[in-house]
Amino acid sequence: MKKEDLLSDEFLKQFKTGEDLNGFLAQLQKRGIEAILSGELDSHLGYEKHEKTPSTNSRNGFSNKKIKTSFGESDIQVPRDREASFNPMIIPKRQSMVDGLENVIVSLYAKGMTVSDIEEQIREVYKFDISTSTISRITESVSSDITAWQNRPLEPVYLIVWMDGIVFKVRENSKVINKTIYLAVGLNRDGKKEVLGMWLGKNESSSFWLGVLTDLKARGVEDILITATDNLNGFTQTIKNVFPESQTQICVVHQIRNSARYVVWKDKKEFSKDMKQIYDAPTKQAARASLEDFANKWNSKYPYAVKSWQDNWEELTIFFDFPVEIRKIIYTTNLIENLNGKIRKYTKNKLSFPTDEAVLKSVYLALREATKKWTMPIHNWGLILNQFLTIFEKRVQL
């Protein structure tokens, strides 16, 4: 039957219900899988059916196998060879599930569904039972993916690396405590964002970040032009110890939040308006003048807020050294905070995690879902790349 006939109104009219159509599609899928298996065996043996055998190995009948697909359970015939060396790719030995369904299970898990929820969903949608142990086995296979991903080689140069953390509750020694997943997101020379890795720790400290940066270097990173971080004491020097030429921009948005935290409600609107004059200034000199006006007005009432701007002035104002297009993407860690928000969305159903491995697995899968659309360069990339080449020509082309 031709493809056109399959799509004709006359042919489709025979299916009176959704079950009728699914039954036909299941048979079509069964025949397709068996045809693929036959083709795989042809390739494995090096000759097609009915041709002369060029080797000692040859076809040896079929074995029956029950498989699970998106259309339910199906019995198929799997071709065999005499040497038993044939291991089909579409449904490997000792597996009874087509890869597509395994991907569905992993995707549901990534979106925060529990193992029992997935079991119920598969039963309702695909009309067959799958045990919680099977689901756990499928999701457990993600652990090896994490290891490979976390140790993959990285590019020698990243134009910008944003770094931040997200807190989760994890059980340890019969207690539930806060632990943090630290993320590093890089902007590569093609203008594309890339999650460089994730690291689990109890406390954010300069020594912990030293380990993170050392890991990046060990995986091939030779230079980072600009790092964007929150305001962690000693972090700038830690970065300098590993990447001496990198310039560190403290997140201005974090600074604004931290400063406003100490201000009473009735002063917040005016205080924030005056603070905006600092980071919205056209030049660093103008920003310095605005800081002085800000200090003269508010120092007596909110000395800590003013002092935090003064103490971190150099790292807070790195972005003024760059054109406006680059300023917009380095003066804040909003990019990585938005990523954290998506991770929260996928993990919100889990109030706490039983182990470190469980939280790493969930965050990895959430990252995989959240970054699926990171396939295009950032907005205005041609212009921004030219600006980077003008400022850092030799380092960008390393």
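Report follows, based on the coordinates. In this text the structure is predicted, and so the values were computed from the model without any measurement.

With respect to the packing of helix α12 (residues 284–298) against helix α13 (residues 303–311)
Alright, step 1. Running from amino to carboxyl end, α12 crosses α13 at an angle of 160°, the nearest separation of the two axes being 9 Å. The orientation of α12 with respect to α13, classified from their angle, is roughly antiparallel. Note on packing geometry: the crossing formed by α12 with α13 is left-handed. Contacts from Leu 291, Phe 294, Ala 295 and Trp 298 in α12 reach Pro 303, Val 306, Trp 309 and Gln 310 in α13.
Alright, step 2. When its residues are assigned to classes, the contact of α12 with α13 shows seven nonpolar, one polar and no charged.

Let's talk about a positive patch on the surface
Alright, step 1. Residues Lys 342, Lys 345, Lys 348 and Lys 373 make up a contiguous surface patch of positive charge.
Alright, step 2. Counting through the fold element by element, Lys 345 comes out in helix α16 (residues 334–347).

Details of the pairing of strand β6 (residues 223–229)
Alright, step 1. With seven of seven residues buried, β6 is to be regarded as a mostly interior element.
Alright, step 2. Summarising the sheet, strand β3 (residues 157–172) and β6 pair through five bridges and their orientation is parallel. Among the inter-strand pairings, Ile 160 is bridged to a residue of β6, identified as Ile 226.
Alright, step 3. Here four bridges tie β6 to strand β7 (residues 247–250), and the two strands are oriented parallel to one another. Residue pairing across strands places Ile 226 opposite Gln 247, the latter belonging to β7.

Here we look at the sheet that holds strand β4 (residues 175–187)
Alright, step 1. Taken together, the five strands give an open sheet; going across it, the order is β5-β4-β3-β6-β7, and neighbouring strands pair in mixed fashion. Both outer strands of the open sheet, β5 (193–201) and β7, are each paired with one neighbouring strand and no more. Neighbouring strand axes in the sheet, compared pairwise and without regard to direction, differ in orientation by 25° on average.
Alright, step 2. Relative to β6, helix α9 (residues 235–242) is tilted by about 165°, and along the sheet it contacts β3, β6 and β7.

Describing the environment of Val 221
Alright, step 1. Counting through the fold element by element, Val 221 comes out in the loop between α8 (206–218) and β6.
Alright, step 2. Note on Val 221: relative accessible area 2%, which makes it buried.
Alright, step 3. As a C-alpha pair, Val 221 and Phe 243 span 22 residues in sequence and 9.3 Å in three-dimensional space.
Alright, step 4. In this structure Val 221 touches Leu 154, Glu 155, Pro 156, Tyr 158, Leu 216 and Phe 243, once residues within four positions along its chain are discounted.

Overview of unusual backbone geometry
Alright, step 1. Positioned with a positive phi, Ser 174 is a non-glycine residue whose angle comes to about 70°.
Alright, step 2. In this fold, Ser 174 is placed in the loop between β3 and β4.
Alright, step 3. Residue classification places Ser 174 among the exposed positions, given a relative accessible area of 67%.
Alright, step 4. A positive phi angle, close to 65°, is found at Asn 380, a residue other than glycine.
Alright, step 5. For Asn 380, a relative accessible area of 38% translates into the label partly exposed.

Some words on the nonpolar core
Considering soluble globular proteins, one finds that nonpolar side chains tend to be buried as a cluster.
Alright, step 1. By size, the foremost hydrophobic cluster in this structure holds 75 residues, and its most contacted members are Trp 309 and Phe 388.
Alright, step 2. Apart from the residues lying within four places of it in its own chain, the contact partners of Trp 309 are Val 252, Gln 255, Ile 256, Ser 259, Met 275, Ile 278, Tyr 279, Leu 291, Phe 294 and Leu 316.
Alright, step 3. In this structure, Leu 154, Trp 199, Val 212 and Val 221 belong to the second largest nonpolar core, which totals 18 residues.

Re the packing of aromatic side chains
Alright, step 1. All chains considered together, the criterion is met by 14 aromatic pairs.
Alright, step 2. Taking the centre distance of 5.8 Å and the plane angle of 85° together, the rings of Phe 168 and Phe 353 count as edge-to-face. On the criterion of sequence distance, the pair formed by Phe 168 in strand β3 and Phe 353 in the loop between α16 and α17 (356–370) is long-range, its members being 185 residues apart. By the burial criterion, Phe 168 is buried, and Phe 353 matches it.
Alright, step 3. One aromatic cluster in this structure is built from Phe 271, Phe 294, Trp 298 and Tyr 302.
Alright, step 4. It is Lys 217 that lies over the ring of Phe 243; its NZ or CZ is 5.5 Å from the centre.
Alright, step 5. The positively charged end of Arg 344 is found above the aromatic ring belonging to Phe 168, 4.9 Å away from the centroid.

With respect to the pattern of salt bridges
Alright, step 1. In this structure the tally under the stated criterion is 14 salt bridges.
Alright, step 2. Residue Asp 215 pairs with Arg 219 through a salt bridge whose shortest N-O separation is 3.5 Å.
Alright, step 3. Given a relative accessible area of 22%, Asp 215 falls into the partly exposed group.
Alright, step 4. Arg 257 is paired through a salt bridge with Glu 337; the nearest N and O atoms lie 3.3 Å apart. One end of the pair, Arg 257, is in helix α10 (residues 252–260); the other, Glu 337, is in helix α16, with 80 residues separating them in the sequence.
Alright, step 5. Overlapping salt bridges, with partners in common, bring together Glu 172, Lys 179 and Asp 356 in one network.

Definitions and cut-offs
Residues numbered from 1 in each chain as written. Predicted model: local features only at pLDDT ≥ 70, side-chain atom pairs only at ≥ 80, totals over all residues. Heavy atoms only, no water. Axes fitted to C-alpha atoms, helices over the stretch in contact; angles between N-to-C directions. Helix = DSSP H or I, 4+ residues; strand = E, 2+ residues; numbered from the N terminus. Parallel < 35°, antiparallel > 145°, perpendicular 65-115°, else oblique. Left-handed = near helix turned anticlockwise from the far one by under 90°. Contact = heavy atoms within 4.5 Å. Nonpolar A, V, L, I, M, F, W, Y, C, P; charged D, E, K, R; others polar. Patch = residues over 30% accessible without salt bridge, like charges linked within 9 Å, V, L, I, M, F, W, Y side chains within 5 Å. Areas by Shrake-Rupley, 256 points an atom, 1.4 Å probe, with all protein chains shown as cover. Salt bridge = Lys/Arg side-chain N within 4 Å of Asp/Glu carboxyl O. Lys, Arg positive; Asp, Glu negative; His and termini not counted. Charge placed at Lys NZ, Arg CZ, Asp CG, Glu CD. Buried < 20%, exposed > 50% of the residue type's maximum accessible area, 1.4 Å probe, protein only. Pairing = 2+ DSSP bridges. Core = buried A, V, L, I, M, F, W, Y, C linked by side-chain atoms within 4.5 Å. Phe/Tyr/Trp six-rings, centres within 6.5 Å; stacked < 30°, edge-to-face > 60°. Lys NZ or Arg CZ within 6 Å of the ring centre and 35° of its normal.

Any link to function would need more than the numbers given here.
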